[in-house]
Amino acid sequence: MPPQPSTPPRPSAPPRTGGLFAAGGPGGRRRPPSRTAAAAASLVLGLGLLGGAAAGSWLGDDPGAPPSTADTYAHARSAWHSIPVDDLFPRTLRGKGEGPGGADRVWTRIAVAPDSSCGGGFDPLLAKALAPVGCKRLVRATYTDATSTSVTTVGVLITTSGPTGMRALRQRFVTEKLDERTDLMPRTYAAKGTAAAGFGDDQRASWRIRILTDAPAVIYTVTGFADGREVTDPQSAGEATQRGATSAPAQSGLGNDARAIADAIEAGFRRALATFTETTS
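Residues numbered from 1 in each chain as written. Predicted model: local features only at pLDDT ≥ 70, side-chain atom pairs only at ≥ 80, totals over all residues. Heavy atoms only, no water.

Caption draft 1: Up close: unusual backbone geometry. A positive phi angle, close to 60°, is found at S148, a residue other than glycine. Looking at where S148 falls in the secondary structure, it is placed in the loop between β3 (137-145) and β4 (150-158). A relative accessible area of 26% places S148 in the partly exposed class. With a phi close to 55°, K177 is a non-glycine residue in the positive phi region. Turning to its location among the elements, K177 is positioned in the loop between α5 (163-176) and β5 (206-211). (Helix = DSSP H or I, 4+ residues; strand = E, 2+ residues; numbered from the N terminus. Buried < 20%, exposed > 50% of the residue type's maximum accessible area, 1.4 Å probe, protein only.)

Caption draft 2: Focus on the environment of K192. Within the secondary structure, K192 sits in the loop between α5 and β5. The exposed category is assigned to K192, whose relative accessible area is 75%. Expressed as a C-alpha distance, the spacing of K192 and A111, which sit 81 residues apart in the sequence, is 9.1 Å.

Caption draft 3: Structural detail: the state of the cysteines. This model, assessed by the stated rule, comprises 1 disulfide. The partner cysteine of C118 in its disulfide is C135, sulfur to sulfur 1.9 Å. Every disulfide takes its handedness from the sign of the S-S torsion; for C118 and C135 that torsion is 80°, giving right-handed. With C118 in the loop between β2 (105-116) and α4 (124-130) and C135 in the loop between α4 and β3, the pair connects residues that are 17 residues apart, well separated along the chain. (Disulfide = S-S within 2.5 Å.)

Caption draft 4: Region of the structure containing the pairing of β4. Burial within β4 is extensive, with 9 of its 9 residues counted as buried. Residues S150, T152, V154, V156 and I158 line one face of β4 and the alternating positions V151, T153, G155 and L157 line the opposite face, and both faces are buried. Of the pairings in the sheet, the one linking β3 to β4 comprises 8 bridges and is antiparallel in character. Among the inter-strand pairings, R140 is bridged to a residue of β4, identified as G155. Relative to strand β6 (residues 217-225), β4 is paired through 9 bridges, and the arrangement is antiparallel. Residue pairing in the sheet places V154 in a bridge with T221 of β6. (Pairing = 2+ DSSP bridges.)

Caption draft 5: Region of the structure containing the layout of surface pockets. In this structure, the largest pocket occupies an estimated 280 Å³ of space. As for the largest pocket, its lining consists of 15 residues, and the residues nearest its centre are V174, D179, R208, I209 and R210. For the lining of the largest pocket, the elements supplying multiple residues, two or more each, are α5, β5 and α6 (237-240). If you tally residues by element for the lining of the largest pocket, the top one is β5, at 5 residues. Of the residues that constitute the lining of the largest pocket, the class distribution is 6 nonpolar, 3 polar and 6 charged. (1 Å grid on protein atoms, 1.4 Å probe; cavity = no way out; pocket = protein on both sides within 12 Å on 5 of 7 lines; lining within 4 Å. Points joined across faces, edges and corners; volume = space filled by probe spheres on them. Nonpolar A, V, L, I, M, F, W, Y, C, P; charged D, E, K, R; others polar.)

Caption draft 6: Representation of the nonpolar core. Counting 33 residues, the largest nonpolar core has F122, L130, F173, I209 and I211 as the members making the most contacts within it. Listed by contribution, the elements that provide at least two residues to this core are β2, α4, β4, α5, β5 and β6. Per element, the largest residue contribution to this core is 5 residues, and it comes from α4. Apart from the residues within four sequence positions on either side, F122 is in contact with A127, L130, L138, L157, R187 and Y220. (Core = buried A, V, L, I, M, F, W, Y, C linked by side-chain atoms within 4.5 Å. Contact = heavy atoms within 4.5 Å.)

Caption draft 7: View of the sheet that holds β5. The sheet built from 6 strands is open, its strands ordered β1-β2-β3-β4-β6-β5 with antiparallel pairing. Edge positions in the sheet fall to β1 (92-95) and β5, since each of these pairs with one other strand and no more. Between one strand axis and the next, the sheet turns through 20° on average, direction left out of account. For β1 and β2, the ladder comprises 4 bridges, and the chain directions are antiparallel. (Axes fitted to C-alpha atoms, helices over the stretch in contact; angles between N-to-C directions.)

Caption draft 8: Region of interest: the packing of aromatic side chains. The final tally for this structure, using the stated rule, is 1 aromatic pair. Of note, R229 hangs over the ring of F225, and the distance from its end group to the ring centre comes to 3.9 Å. (Phe/Tyr/Trp six-rings, centres within 6.5 Å; stacked < 30°, edge-to-face > 60°. Lys NZ or Arg CZ within 6 Å of the ring centre and 35° of its normal.)

Caption draft 9: Spotlight on the environment of S150. As for its position among the elements, S150 is in strand β4. Residue classification places S150 among the buried positions, given a relative accessible area of 4%. Taking the C-alpha atoms as reference points, S150 and G224, separated by 74 residues in sequence, lie 5.8 Å from one another. With residues near it in sequence (within four places) discarded, S150 still touches R105, Y143, T144, D145, G224, F225, A226, L254 and D257.

The structure is reproduced here in structure tokens:
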């Protein structure tokens, strides 16, 4: 990846899609249940480092984290051959009160992209913004809601950085509000034969980017409509979930989806490392 500019220029390269499938393909709603279960059960994510924190006071994203953070990073970098896909990307996610107006939400996993490099996984601008922390592996999955009207791609970028680099990146995203810029939206994972088949760059509606500091990872989500409609007014999850927001992502609940799924995957990510740490200590 090229060095990070102080203020990334707007991207000029045309959007790219997909290209990161491995043998076995995605899990989709058109696949017979028995085949889907077999594929998901056998798929083990090749994560470079399944991060998170073990337990106690070092579970939070505290810039002044104690020395055990270094142990967390080390464990994360050795966990990638051992964590089943269902532990990181559950088949079903339930969000109690996570929808607009406090409505309950349920999302079903319809596709999983095996681990890959980050090539093609991000728009050039976002790739440059993330470049300082490096890329060891990238894993992604796509979910749809209970009515199959919305789709959400969630990704976990495993970095090569240490705690100092992760804290610096997070501080920059917060200070410059990079996670609210429409030219820094993550890319979708549009799996053929699923409800997300038409989920491309132009369909991106809302997103969330979460820079962890107690683990070498970036967790992100990006949402859109399952019918493939183009979205002309995308809005970050933080903005779309504010009281009184009237954009399409806000009124449709896509901002809620982006926020809730990112939170759920982050929580599972931390639990997976805690379990791995306990079993290998």
